[in-house]
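# Per-entry structural report
Listed here are the chains, written in short residue letters.
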Amino acid sequence: MPDNANFTEEITKWVESLPNWGKAAAAGGLALAVYIPYKFFATQPRKSPVKEDWKPDVVYLYQFPRTRLLPNLSPFCMKVETWLRMSDINYEIPKCSFTLRSKEGTMPFVEFNGKEYYDSSFILRDVDELIKHTSLDDHLSAEQKSTSRAFEAMTEKSMAISAWFYRMENVEKLLDLFDPKVDACIFSNLCQIYYAPYTSEHRDLIEGECKNLVEYIERIKNRYWPDWDEVTTKYSNETSNWKKRHVARNGNGVKH
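Residues numbered from 1 in each chain as written. Predicted model: local features only at pLDDT ≥ 70, side-chain atom pairs only at ≥ 80, totals over all residues. Heavy atoms only, no water.

## Side note on the overall build of the protein chain
Heads up, the condition is: Secondary structure elements are defined from DSSP: runs of H or I of at least 4 residues count as helices, runs of E of at least 2 residues count as strands, and each element is numbered from the N terminus. Here's how the labels work: a residue is buried when its accessible area is under 20% of the maximum for its type, exposed when over 50%, partly exposed in between, all with a 1.4 Å probe on protein chains only. The accessible surface values rely on the Shrake-Rupley method and a 1.4 Å probe; as for residues, cover is taken only from the protein chains in view.
A tally of helices and strands in the protein chain yields 12 helices and four strands. Relative to its 256 residues, the protein chain shows a buried fraction of 42%. Put simply, the protein chain shows about 14,600 Å² of open surface, and 56% of that area lies on carbon and sulfur atoms.

So, in structure tokens, the structure goes:
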């Protein structure tokens, strides 16, 4: 029986000897071998709501675990949590298993008053309508709201958005015309590039020729993530600390 090192070497040689279609088939087989059991466990019937002792008008956010790089490596999870902070909505992050997913098999999802909502864009839309508060987009026209939704979708579907920003003279003037939900979306996606532990063309572009984006990222981070260091070092899910620090730094209320 070969030892682990020899076995790995033999497997590597075997894969390298395959034609391109064979390598693709091997990669696909490996992906299926991982995905099928994951999908099985992630979509098993479960109780609903997950949070049985839920409190009225509190949003319960289910997302991937914290990391040392970012509060969340999923831009969709980070988008939802950033928006909850921007909107000054009372939310909590319950403990959950790594395989927990929404009824649709997705992450993130939230529960509000015992009902489940999934898909980050639908979460922002539905929860915004359910909660009795002044919405961040109340000042926008119908046309601006439609443009915001299109811009949000474009951001999430193509990271080339950073190159598009490069052509703009002043990103702030454009964002002032959009739904603040777009801020949460853009910020969460740009963070995946800017704080990544490796370099990329997008990151070089942001740091070299798009200084306004660096200022934009840092401003939102400082305003809505004053607990960033605690979240990324202690993996804290405590949602009350950020607001205390925000108030101490910016005064009462959540400013936009």
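Moving on from the coordinates now.
## Overview of the UniProt feature "domain: Metaxin glutathione S-transferase" (unreviewed entry) in the protein chain
Note the threshold: UniProt positions are given in the numbering used here, feature names are shortened, and annotations may be inferred rather than shown by experiment.
Here, UniProt's "domain: Metaxin glutathione S-transferase" (unreviewed entry) annotation points to residues 182-220. Overall, residues 182-220 shows 82% helix and 0% strand. The separation of its end C-alpha atoms is 12 Å.

## Some words on the pairing of strand 4 (residues 115-118)
The following threshold applies: Think of it this way: DSSP has to see at least two bridges between two strands before they count as a pair.
Judged from the four bridges that link them, strand 3 (residues 109-112) and strand 4 form a sheet pairing that is antiparallel. Paired with Glu111 across the bridge in strand 4 is Glu116. Linking two consecutive strands that pair antiparallel, namely strand 3 and strand 4, is a turn of two residues; a positive phi of about 50° is found at Asn113 within it.

## Looking at the packing of helix 3 (residues 75-86) against helix 4 (residues 120-130)
Stated formally: Angles here are taken between N-to-C directions and fall from 0 to 180 degrees, while the axes themselves are lines fitted to C-alpha atoms, restricted in helices to the stretch in contact. These descriptions rest on fixed angle ranges, namely under 35 degrees for roughly parallel, over 145 for roughly antiparallel, 65 to 115 for roughly perpendicular, and the rest for oblique. Crossings are assigned a handedness: left-handed for a near helix turned anticlockwise from the far helix by less than a right angle, right-handed for a clockwise turn. In what follows, residue pairs with any heavy atoms lying within 4.5 Å of each other are defined as contacts. Under the convention adopted here, Pro, Cys and the residues Ala, Val, Leu, Ile, Met, Phe, Trp and Tyr are nonpolar, Asp, Glu, Lys and Arg are charged, and Gly plus all remaining residues are polar.
The contact between helix 3 and helix 4 brings their axes to 9 Å, and the two run at 20°. The angle between helix 3 and helix 4 falls in the class roughly parallel. The way helix 3 lies across helix 4 gives a crossing that is right-handed. Contacts from Phe76, Lys79, Val80 and Trp83 of helix 3 reach helix 4 at Ser120, Ser121, Ile123, Leu124, Val127 and Asp128. For the contact of helix 3 with helix 4, a count of residues per class yields six nonpolar, two polar and two charged.

## Overview of the packing of aromatic side chains
Spelled out, the test is: When two rings of Phe, Tyr or Trp (its six-membered ring) have centres within 6.5 Å they constitute a pair, described as stacked for plane angles under 30 degrees, edge-to-face for angles over 60, and tilted for the intermediate range. Geometrically, a charge over a ring is one whose NZ (Lys) or CZ (Arg) sits within 6 Å of the ring centre while staying within 35 degrees of the ring normal.
Tallying each qualifying case throughout the model produces four aromatic pairs. Relative to Phe109, the ring of Tyr62 lies with its centre 4.7 Å away and its plane at 10°, an arrangement referred to as stacked. Taken together, the positions of Tyr62 in strand 1 (residues 59-62) and Phe109 in strand 3 put the pair 47 residues apart, joining distant regions of the chain. Across the pair, Phe109 and Tyr62 agree in class, each one buried. Summarising the aromatic geometry, the rings of Trp225 and Trp228 are spaced 6.2 Å apart at their centres and angled 85° between planes, so their arrangement reads as edge-to-face. Considered together, Trp225 and Trp228 belong to a single accessibility category, that of buried residues. Taken together, Tyr194, Tyr195, Trp225 and Trp228 form an aromatic cluster joined through their ring pairs. Here the basic side chain of Arg85 rests over the ring of Trp225, its NZ or CZ set 3.8 Å away from the ring centre.

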